[in-house]
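# Remarks on the overall topology
Single-letter residue listing:
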Amino acid sequence: MKEEHKHVKTKKYGMVIDLDKCTGCGSCMVACMSENNVPFKKDETNKLDSITWLRIYKLTNGKKFPETDICYIPRPCMQCEGEHGHAPCVSVCPATATDYNHETGIVSQIYTRCFGCRYCMAACPYHARYFNWWDPVWPDGMEKSLSPNVSPRMRGVVEKCSFCFHRYQLAKNKAYAQGRRELKEDEYQTACTQACPAGAITFGDLNNHNHAVYKLAKPDNKHGGRPRNPNAFRLLEKLGTNPKVYYLSTREWVRRAGDNYIKDEGKLEHH
Amino acid sequence: MSTLDDKAKEVSAEAVDEAETESPTEVNEKKQDNGPWGYIILFFIIGFAASLVIGWGIFPKVLYSQKKQPIDFNHVLHVAAVEEGCESCHFFREDGSFSGVPKLAQCVECHEEVQGEDPNEAKFVEEYVAKGREVPWLVYSKQPDCVFFSHIAHVNMGKMECDTCHGHIGESTHSKVYEENRITGYSRDIWGKNIAGLKKNTWDRMKMDDCAECHAENKAVPKTVETLPWPISWMPRPYEKPASSQVRVQIDKDACFVCHK
């Protein structure tokens, strides 16, 4: 048993979302909710207490008619690495209910450990975490269509996007059946990636130079994963959260919208 | 004006007086005093014994309800009849998932008609095969929803034997009684028969600690302490780090996600 376990390369699963391709249709949100048994209520008008692991935001450049432009930006959990796995939510969790998995680079959320203090929600700069104010109630008959691979969450715990971690586990099982330990790129893909009709979302291992995500974002893994592709950016890059979700856009105002700047900040740099 | 201290002195002085006046009858009263103490000790012993009996005997009995399997299954008979042993019914699918308890379709391959004279056989064919109903088997080893367990990782990759966790089920001639925890709804095989939580065999319990114990023993702890007379999980942490990133369950902090979903 002991000799069998050879060292397996550590992964850094990440996502690249092309905002020029995203039409804001919401397929990814729907796919995510049904894949992960995300609970919903009859009345979802109060967005403060509705749960959406993946949420699409709408940005505008704020200009008048001829120059007006909009952009939709899907926001899953960024699976921040911070420095050596110190993601903002991980470092504040008093229960070790959320942790940075060094094997996959995914930030875990263990519902049975979470006791709902919501420090992580306060710490997350992306609002990617949601609190269950109620036990989930499914419409009659819908319980039968729930995914058995994802445990439903109870009242009083925090939940968030897991990059469809259960799909990773199932893909691993399949690889084991064939006597492999390493996964191929297409064996593990998230539900939102597969659902996107525009093909805007790409998913893969950012450590693997052959994967599409690496080629698109060209992350500089030695310098906090900063993208070397000039069109790529990450949300709130300046905070140093080192997120693993990259966005692509050829429009400068979109790239600038991904972070906070002081007025005329870019211009000052030229002096 | 008298201070509080003075008052206290007065009171104690009175107490001494009273004690002195009572002294002649002291010897007689001592004999009678033994009475209430005897009752108190007796009451304590009875109460202690009663709570022990309730806690260790009655409560565990009340906690678990006893259920019978719909069909009394004879493993020995089946193992002798099938060609590929256990794997004839409990096999891995192509996608790496484990078949677990077989579905009716597999049983029907042999049991389309009643074979032999066992009343269980007749019941099985009449009630389930003829009507096309799945048998509602009670699964002794069913884990909670939040647990992800990969059979193939342990059996194919880890080269583990089934009986390490499940015991020698293949040698049973009758299905044992299924005991269900009335509060949690889980099988007693998860917590184990022994109410004190002691175990003699590796298959006596199926709690998280039991998974962790094996993982720690096999991967994390140097050989010198493997022969300790107590569970390895009692050893002070941190354990020695394993060489492989594959099996860090319960050893590294970030390993929860391996088995929890």
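Residues numbered from 1 in each chain as written. Chains lettered and ligands numbered in written order. Predicted model: local features only at pLDDT ≥ 70, side-chain atom pairs only at ≥ 80, totals over all residues.

### Focus on the overall build of chain A
Which entries qualify depends on this criterion: Helix and strand definitions here come from DSSP, where helices need a minimum of 4 consecutive H or I residues and strands a minimum of 2 consecutive E residues; each element is numbered from the N-terminal end. Any residue whose C-beta has 12 or fewer other C-beta atoms within 10 Å is treated as exposed, any with 20 or more as buried, and any in between as partly exposed, C-beta atoms being built from the backbone. For the purpose of contact definition, each residue receives a C-beta atom placed from its backbone, and two residues are in contact when these atoms lie within 7 Å.
Counting its regular elements, chain A contains eight helices and 12 strands. Within chain A, the fraction of its 271 residues that count as buried is 37%. Nonlocal contacts in chain A, meaning residues at least 24 apart in sequence, comprise 58% of its contacts between residues at least 6 apart.

### Examining the overall build of chain B
Helices and strands together make up the secondary structure of chain B, namely 10 helices and two strands. Every one of the 261 residues in chain B was classed for burial, and the buried ones make up 12%. A fraction of 60% describes how many contacts in chain B between residues 6 or more apart in sequence connect residues 24 or more apart.

### Some thoughts on the confidence of the model for chain B
All names here are of chain B. Definition in use: Every residue is assigned a pLDDT by the predictor, reflecting its confidence on a scale from 0 to 100.
Model confidence for chain B is summarised by a mean pLDDT of 78, while 73% of its residues fall at 70 or above. Across residues 220-227, confidence stays below pLDDT 50; counting only partners more than four residues off in sequence or on other chains, it has 13 contacts. Segment residues 237-248 is flagged for pLDDT under 50; beyond a separation of four residues in sequence, or across chains, it makes 24 contacts in the model. The complex model carries a pTM of 0.81, and its ipTM stands at 0.81.

### Some details on unusual backbone geometry
For Asn-37 of chain A, which is not a glycine, the phi torsion comes out positive at approximately 50°. With respect to the secondary-structure elements, Asn-37 of chain A resides in the loop between helix H1 (27-35) and strand E2 (55-60). For Asn-37 of chain A, a count of 20 C-beta atoms within 10 Å puts it in the buried group. The phi torsion at Lys-159 of chain B lies on the positive side, around 55°, for a residue other than glycine. Counting through the fold element by element, Lys-159 of chain B comes out in the loop between helix H6 (151-157) and helix H7 (163-166).

### Here we look at the sheet that holds strand E1 (residues 13-18) of chain A
Residues and elements named next belong to chain A. Which entries qualify depends on this criterion: Any two strands are treated as partners once DSSP identifies two or more bridges connecting them.
With mixed pairing, four strands are arranged side by side in an open sheet as E8-E1-E12-E11. Two strands bound the open sheet, and with one partner strand each, they are strand E8 (201-205) and strand E11 (232-233). Pairing analysis gives four bridges linking E1 to strand E12 (residues 245-248), with the strands arranged parallel. Counted as the bridge partner of Asp-18 is Leu-248 from E12.

### Topic: the confidence of the model for chain A
Within chain A, residue pLDDT values average 90, and 95% of them lie at 70 or more. In this model, residues 1-6 of chain A is a region of pLDDT below 50 whose contacts with residues beyond four sequence positions or in other chains number nine contacts.

### As for the environment of Leu-48 of chain A
Residues and elements named next belong to chain A. Tracing the backbone through its elements, the reader meets Leu-48 in the loop between H1 and E2. Overall, the presence of 6 C-beta atoms within 10 Å leaves Leu-48 in the exposed class. The spatial distance from the C-alpha of Leu-48 to the C-alpha of Thr-112 is 24 Å, given a sequence separation of 64 residues.

### Description of the nonpolar core
Buried together is how nonpolar side chains tend to be arranged in soluble globular proteins. As a reminder of what qualifies: Among buried residues, those of type Ala, Val, Leu, Ile, Met, Phe, Trp, Tyr and Cys that are joined through C-beta atoms within 7 Å form a set called a nonpolar core.
Ranked by internal contacts, the top residues of the largest apolar core, which has 58 residues, are Ile-17, Val-107 and Ile-201 of chain A. Apart from the residues lying within four places of it in its own chain, the contact partners of Ile-201 of chain A are Met-15, Ile-17, Cys-28, Cys-192, Thr-193 and Cys-196 of chain A.

### Topic: helix H4 (residues 165-177) of chain A
Stated formally: Helix span, expected: 1.5 Å multiplied by one less than the number of residues in the helix. To be clear, the arc concerns the directions from the helix axis to the C-beta atoms.
With 13 residues, H4 of chain A ought to run about 18 Å at 1.5 Å a step, and its terminal C-alpha atoms sit 19 Å apart, in line with that. Of the residues making up H4 of chain A, those classed as buried are Phe-165, Tyr-168, Gln-169, Lys-172, Asn-173 and Tyr-176 of chain A. Seen end-on, H4 of chain A carries its buried residues on one side only, within an arc spanning 140°. The inward-facing, buried residues of H4 of chain A contact H6 and helix H10 (256-259) of chain B.

### Section: the domain arrangement of chain B
All names here are of chain B. For clarity, the threshold we go by: The split of the chain into domains comes from an automatic or database domain assignment. Each residue is assigned to one of three groups, with Ala, Val, Leu, Ile, Met, Phe, Trp, Tyr, Cys and Pro labelled nonpolar, Asp, Glu, Lys and Arg labelled charged, and all others, Gly among them, labelled polar.
As assigned here, chain B comprises domain 1 (29-64), domain 2 (68-101 + 137-205) and domain 3 (207-261). For domain 1 versus domain 2, the separation of C-alpha centres amounts to 41 Å. Each partner contributes to the interface: domain 1 provides four residues, whereas domain 2 provides seven residues. With three residues, the single largest contributor to the side of domain 1 that touches domain 2 is helix H2 (residues 26-63). Broken down by class, the residue content of the side of domain 1 that touches domain 2 amounts to four nonpolar, no polar and no charged.

### Some details on the environment of Ser-88 of chain B
With respect to the helices and strands, the residue Ser-88 of chain B is situated in the loop between helix H3 (75-81) and helix H4 (104-108). With near-sequence residues (within four places) excluded, Ser-88 of chain B lies in contact with Val-82 and Glu-83 of chain B.

### Some remarks on H1 of chain A
Residue and element names in this part refer to chain A. Listing the buried residues of H1 in full gives Cys-28, Cys-32 and Glu-35. The buried residues of H1 occupy an angular sector of 75° when the element is viewed end-on, so they sit on one face. Against the buried residues of H1 lie strand E3 (70-75), helix H5 (191-195) and E8. Asn-37 sits one or two residues past H1 and shows a positive phi near 50°.

### A word on the pairing of E8 of chain A
Every regular strand shows the same layout, with side chains that alternate between the two sheet faces. Residue and element names in this part refer to chain A. The element E8 is extensively covered by neighbouring structure, given that five of its five residues are classed as buried. Across five bridges, E1 lies against E8 in antiparallel orientation. Residue pairing across strands places Met-15 opposite Phe-203, the latter belonging to E8.

### Overview of the environment of Lys-9 of chain A
Within the secondary structure, Lys-9 of chain A sits in the segment before E1. In this structure, the C-alpha to C-alpha distance between Lys-9 of chain A and Thr-104 of chain A, residues 95 residues apart in sequence, is 9.5 Å.

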